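Overview (structure and organization)
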Amino acid sequence: MLQQVNGHSSGSAAHSGESLREDLQEFLGGEAPLQQLDDLTKVNPVTLETVLRCLQARYTADTFYTNAGCTLVAMNPFKPVPQLYSPELMQEYHAASQPQTLKPHIFTVGEQTYRNVKSLMEPVNQSIVVSGESGAGKTWTSRCLMKFYAVVAASPTSWESHKVAERIEQRILNSNPVMEAFGNACTLRNNNSSRFGKFIQLQLNGAQQMTGAAVQTYLLEKTRVACQAPSERNFHIFYQIYKGAHAEERVRWCLPEGATFSWLPRPERTLEEDCFEVTREAMLHLGIDAPTQNNIFQALAGLLHLGNTQFADSGNEAQPCPLVDDAQCSVGTSALLLGLPEDHLLETLRIRTIRAGRGRQVFRKPCSQAECDTRRDCLAKLVYARLFDWLVSVINSSICAAPDSWTTFIGLLDVYGFESFPNNSLEQLCINYANEKLQQHFVAHYLRAQQEEYAVEGLEWSFVSYQDNQPCLDLIEGSPVSICSLINEECRLNRPSSAAQLQTRIESALTGHPRLGRDRLSPEPSFIVLHYAGPVRYCTRGLVEKNKDPVPPELTRLLQQSQDPLLKVLFPADPEEKSQEEPSGQNRTPVLTVVSKFKASLEQLLQVLHGTTPHYIRCIKPNSQAQAQIFHREEVLSQLEACGLVETIHISAAGFPIRVSHRNFVERYELLRRLRPATTPGHHGLYPDGGRSEHPPCTEPATLQGLLQEILHALPAPLHCGRTKVFMTDSTLELLERGRAQVLEQCARHIQRGWRRHRCRTQARRRRAAVLIQAAVRSWLTRKHVQRLHAAATVIKRAWREWRIRMAFLASEELDGVEEKHSSQAPCSPSSSPLPLAQTGLQGAITRLWPLGLALANAAVGVHGFQRKLVVFACLQLPVGSPRSCAIQTAQEQAGVLSIRALPQAFSCQRPRQRHVINTRLPDDSHNDSERTQGAVAPQAGGPAAAPVAWGGRLRTPCLHTLMGVRVDSDQTRIRKHQGLHYLHGSNSAVLAITAAGTPLFQPHRQSQLISALELWLGKLCLEFL
């Protein structure tokens, strides 16, 4: 019973322990929070399993970029994601104050390199190494980075420089489709695999604007022109010509529809890269005109026809190999397109020229079928390699800037990824050798160098074990014996070498090397190299011949005789080559092999990388089928192990990636002492001068350590001071830069405050001076104006007094005459009755004083409203009663001007177009209203005749009164006209005529308009008088 209980308790304990382990594992590395981790250094614990789960969770959530310490891991989505590379997103990362706070992206790496160039911190030049297997997305990553730099580094101020920057940007971007068309091909693992390595140098001027670029290529796989592996294709450009040529171009290049070519396998497969128009347009932007493009495509078509040239075995060594059926047509077409004589081309392919003996005798020997095929392939590879190099030189001449126009650069290294096929040859050996060198550069820079530097600087550090690939490099390139040295030695011996003999020699010379293996079950001679990314088996068949890369001199002489303009440029006639074709045995120089040239160019590239600040992007291929949303854990795990990503995460999480010398640190961050609080009242810092010490900064580690503690008292962060350098993390650097920006902002505010104070004071002084000047000018102008007004008023008063006296005098004379004459004619007129004496005197007073009444009515102050109208009516002797007592009509101007008396010379008026006449009958006590005489005015032109008084006719009642200098005599019964205002007064009626333009202005019921017209007339008279 006890055993059962104990047994049950033991089983429960085991079950609880397992569940606890599962909970702990879920807590440490659960899939739910893993997709939210932007940095793999935050994964707990850091193992291959947890890192793999984190990448899988993020890949499933369509998050393809993840930080791994100092490295960015990029997963190939295998599907278009346009919103992930839009120009708006580029600007967002470029405008962010801290791009590290945004989601991981290749734009983060690009922006970090661009800001490092702007900060001018040594080393200023930057480089980005994009590595990974074939098909992992290295070419796409490099292309997106170039677009990012073209957007953020091309922001000139002037319009001319903006046009230049746009042209440079367009040419740099157009170099991508051209290089990919001529240098990329479809392989088993990638539809757009780079078959060459390139280092793109983006050149920046002092203002961090992109002024140009330069492209350097490495090891073009030119053997692909004449030999393609099963299920693989040739370079993209051949398929673009075959599918995208127009009808007339097909006739010109001899490419009929449905034609088959031996060097063009799988033409029925259509890829996105088979876009011929994009390549032609890009070449046009790079300065390659249409005739030159036609020559290029014609030469490529000639190479396709050359591939159809097949030889048969002659069976006799003394006879050249004959052509197979239909091969003669292909030879003729190829010779026509390449501009070569057909007989000379066929002879060069089938007969070899040998020079031997002291007299350098020439012997002609027919080649075997294999040798003919080799010479044919060598001719095609030679033409294509020269054409590719020429295109690179044309691109560089189009986009490269002058040496004095740029100061810094950002390099993009896009090399072929690690490759392992069933049959690997010299090309795969060079490619994997380059990847080993780059991995060694990464290990030396981030893994070994960092840990060794920590020990030298005296930091407390526990070393992290990592996979070093130096033994593999010693196997490939080591001295004195290595694989490359043995292959080069076989080439220098100039003897026939078999594949089995080379395998035996490599195994015997390098026996016991830990990185060398052997496949005993392989039917072909081979050897195995244990690379950092995995073992690769290399076949020794053809290895020595490919390393020699022999070019028969007769092939070069043949191409120099071409009539094609392009081939004349690619193969210029050089007379010195004839004397150096076959040097003697004693003076023979070492043969420059393919491995030797590639090794020299790779060493030059690494020297450039060592002089820059490197940044790494590891491209990971989630599956080998190139399908989206498929994550193969085994394939991804092998890539993580190969690139040493786990060791990188360990060291990056525990290390200090930022290292700055003491002098540079003090020079850049000495101003942070301004952030320290004041120790005494009245001071704003530790030093009276605002944070600057009187003694020079000390570079002793102990002193600097204390100084750093004072500076960073408000910025707590892990910072360590070594013997010669200061070590910090990225977060510490961000805090320092933030504090430095804060101090610079405070200084800028102080400067702005002082400048604004100075500007306000200056503006205040100028404003006071302007006010004083304006006051003086205004007072002077006011005095002058008042003086002119006083003078004008004096003149007006004097003229008015004179005119009033004159008018009074004339009026008195005329009134005396009218009274006498009226009194004498009164008895003869039965219808008229003499006016009372009071009424006659009143009329005379009104007649004499009406201008004064009109002036009082027009005055600005005094009489207003209804009283004003009464004054005017009384002065003009108008009826105050019903407005029906007035009759108004318009009369056209009549001819004839009579005499004018007593006209004031100061008054002048314009000639009127129409006159309005008002004829009213004065109120008479002796007559009823019904018997009052109605007004009569002149008729208009073409109208009916006027009633009793017509314009220019006789007056009904004799009158003789004058106002405004107009005199009407009783003897002359016609109205005397004058430009201006006429007021005629008789014993029984009063007539008023005023000047107006247009239609009649005054109606019988609108007497206020008459008053306004009189006021306007008086105002004009006053203005003219002034």
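Residues numbered from 1 in each chain as written. Predicted model: local features only at pLDDT ≥ 70, side-chain atom pairs only at ≥ 80, totals over all residues. Heavy atoms only, no water.

1. As for the overall build of the chain
Along the backbone of the chain there are 31 helices and 21 strands. The proportion of buried residues among the 1026 residues of the chain is 46%. Considering only intrachain contacts with a sequence separation of at least 6, the fraction spanning at least 24 residues in the chain is 68%. If you sum the accessible surface of the chain, you get close to 52100 Å²; carbon and sulfur atoms cover 55% of it. (Helix = DSSP H or I, 4+ residues; strand = E, 2+ residues; numbered from the N terminus. Buried < 20%, exposed > 50% of the residue type's maximum accessible area, 1.4 Å probe, protein only. Contact = heavy atoms within 4.5 Å. Areas by Shrake-Rupley, 256 points an atom, 1.4 Å probe, with all protein chains shown as cover.)

2. A few points about helix H8 (residues 236–244)
Across the nine residues of H8, seven count as buried, placing the element largely inside the fold. Those residues of H8 lying buried are His 236, Ile 237, Phe 238, Tyr 239, Gln 240, Ile 241 and Tyr 242.

3. Some words on the packing of aromatic side chains
Considering all chains together, one arrives at 19 aromatic pairs under this definition. When the centroid spacing of 5.0 Å and the interplanar angle of 15° are considered together, the rings of Phe 235 and Tyr 384 count as stacked. A residue pair is termed long-range when its members are at least 10 positions apart, and Phe 235 in the loop between strand E7 (210–218) and H8 and Tyr 384 in helix H14 (residues 369–399) qualify at 149 residues. Of the two residues, Phe 235 and Tyr 384, both sit in the buried class. (Phe/Tyr/Trp six-rings, centres within 6.5 Å; stacked < 30°, edge-to-face > 60°.)

4. Here's the deal with the sheet that holds strand E1 (residues 65–68)
Pairing is mixed in the open sheet, where seven strands are placed in the order E1-E2-E14-E3-E10-E6-E7. Looking at strand neighbours, the two that pair on one side only are E1 and E7, the edges of this open sheet. If you compare each strand with its neighbour and ignore which way they point, the axes differ by 20° on average. Bridge analysis of strand E6 (residues 197–204) against E7 gives eight bridges, and the strand direction is antiparallel. Within E7, the position partnered with Gln 201 by the bridge is Ala 214. (Pairing = 2+ DSSP bridges. Axes fitted to C-alpha atoms, helices over the stretch in contact; angles between N-to-C directions.)

5. Digging into a positive patch on the surface
Together, Arg 753, Arg 757, Arg 761, Arg 765, Arg 766, Arg 767 and Arg 768 give the surface a local cluster of positive charge. Positionally, Arg 766 belongs in helix H28 (residues 730–825). The exposure class of Arg 766 is exposed, given its relative accessible area of 60%. (Patch = residues over 30% accessible without salt bridge, like charges linked within 9 Å, V, L, I, M, F, W, Y side chains within 5 Å. Salt bridge = Lys/Arg side-chain N within 4 Å of Asp/Glu carboxyl O. Lys, Arg positive; Asp, Glu negative; His and termini not counted. Charge placed at Lys NZ, Arg CZ, Asp CG, Glu CD.)

6. Description of the pattern of salt bridges
Tallied over the entire structure, the rule returns 26 salt bridges. Between Arg 58 and Asp 38 there is a salt bridge, with the nearest N and O atoms lying 3.2 Å from each other. You can see Arg 58 sitting in helix H3 (residues 48–60) and its partner Asp 38 sitting in the loop between helix H2 (31–34) and H3, a full 20 residues away along the chain. Classification of Arg 58 by relative accessible area gives buried; the value is 2%. The partly exposed category is assigned to Asp 38, whose relative accessible area is 29%. The partner of Arg 375 in a salt bridge is Glu 554, and the shortest N-O contact between them spans 2.6 Å. Placement of the pair is Arg 375 in helix H14 and Glu 554 in helix H20 (residues 553–560), with a sequence separation of 179 residues. Several salt bridges converge on common partners, so that one network encompasses Arg 195, Glu 221, Arg 224, Glu 232 and Glu 419.

7. With respect to the pairing of strand E2 (residues 71–75)
Buried residues dominate E2, accounting for five of its five residues. Along E2, one buried face is formed by Thr 71, Val 73 and Met 75 and the opposite face, lined by Leu 72 and Ala 74, is buried too. Pairing geometry for E1 and E2, over four bridges, is antiparallel. Counterpart to Ala 68 in the pairing with E2 is Thr 71. Linking two consecutive strands that pair antiparallel, namely E1 and E2, is a turn of two residues; a positive phi of about 75° is found at Gly 69 within it.

8. A look at the sheet that holds strand E11 (residues 516–517)
The three strands lie next to each other as E11-E12-E13, forming an open sheet whose pairing is antiparallel. Strands at the two margins of the open sheet, each flanked by one partner only, are E11 and strand E13 (534–539). With six bridges joining them, strand E12 (residues 526–531) and E13 adopt antiparallel strand pairing. Along E13, the bridge assignment pairs Val 529 with Val 536. With respect to the sheet, helix H16 (residues 470–477) is in contact with E11 and E12, its orientation differing from that of E12 by roughly 150°.

9. Structural notes on the packing of helix H17 (residues 483–493) against helix H18 (residues 499–509)
Remark: H17 packs on H18, axes separated minimally by 10 Å, with the N-to-C direction vectors making an angle of 135°. Relative to H18, the element H17 is oriented oblique. H18 is crossed by H17, and the crossing has right-handed handedness. Residue-level inspection shows Ile 483, Leu 486, Glu 489, Glu 490 and Leu 493 of H17 in contact with H18, the latter providing Leu 502, Arg 505, Ile 506 and Ala 509. (Parallel < 35°, antiparallel > 145°, perpendicular 65-115°, else oblique. Left-handed = near helix turned anticlockwise from the far one by under 90°.)

10. Describing H18
Those residues of H18 that sit buried are Ala 499, Leu 502, Gln 503, Ile 506 and Glu 507. Viewed along the axis of H18, the buried residues span an arc of 125°, placing them on a single side of the element. Of the surrounding secondary structure, the elements contacted by the buried residues of H18 are H17, E11, E12 and helix H19 (543–548). (Arc of directions from axis to C-beta.)

11. Points about the nonpolar core
Ranked by internal contacts, the top residues of the largest apolar core, which has 130 residues, are Leu 40, Phe 182, Ile 237, Ile 296, Leu 300 and Tyr 384. Per element, the largest residue contribution to this core is 15 residues, and it comes from H14. Core analysis: the next-biggest nonpolar cluster, separate from the first, contains 52 residues, Leu 459, Val 529, Tyr 616 and Phe 727 among them. (Core = buried A, V, L, I, M, F, W, Y, C linked by side-chain atoms within 4.5 Å.)

12. Points about the confidence of the model for the chain
Residues of the chain with pLDDT of at least 70 account for 68%, and the chain-wide mean is 74. Contacts for the low-pLDDT stretch residues 827–835, under 50 throughout, to residues beyond four places or in other chains number five contacts. (pLDDT = per-residue confidence, 0-100.)

13. Some thoughts on the side chain of Gln 126
The topology assignment puts Gln 126 in strand E3 (residues 126–132). Gln 126 sits in the buried class, given a relative accessible area of 1%. A polar side-chain atom of Gln 126 sits 3.3 Å from a polar atom in the side chain of Asn 116. Leaving out residues up to four positions away in the same chain, Gln 126 has contacts with Thr 113, Asn 116, Val 117, Phe 409, Ile 410, Gly 411, Thr 612, Thr 613 and His 615. (Polar contact = N/O pair within 3.5 Å; in protein donor to acceptor, adjacent residues only side chain to side chain.)

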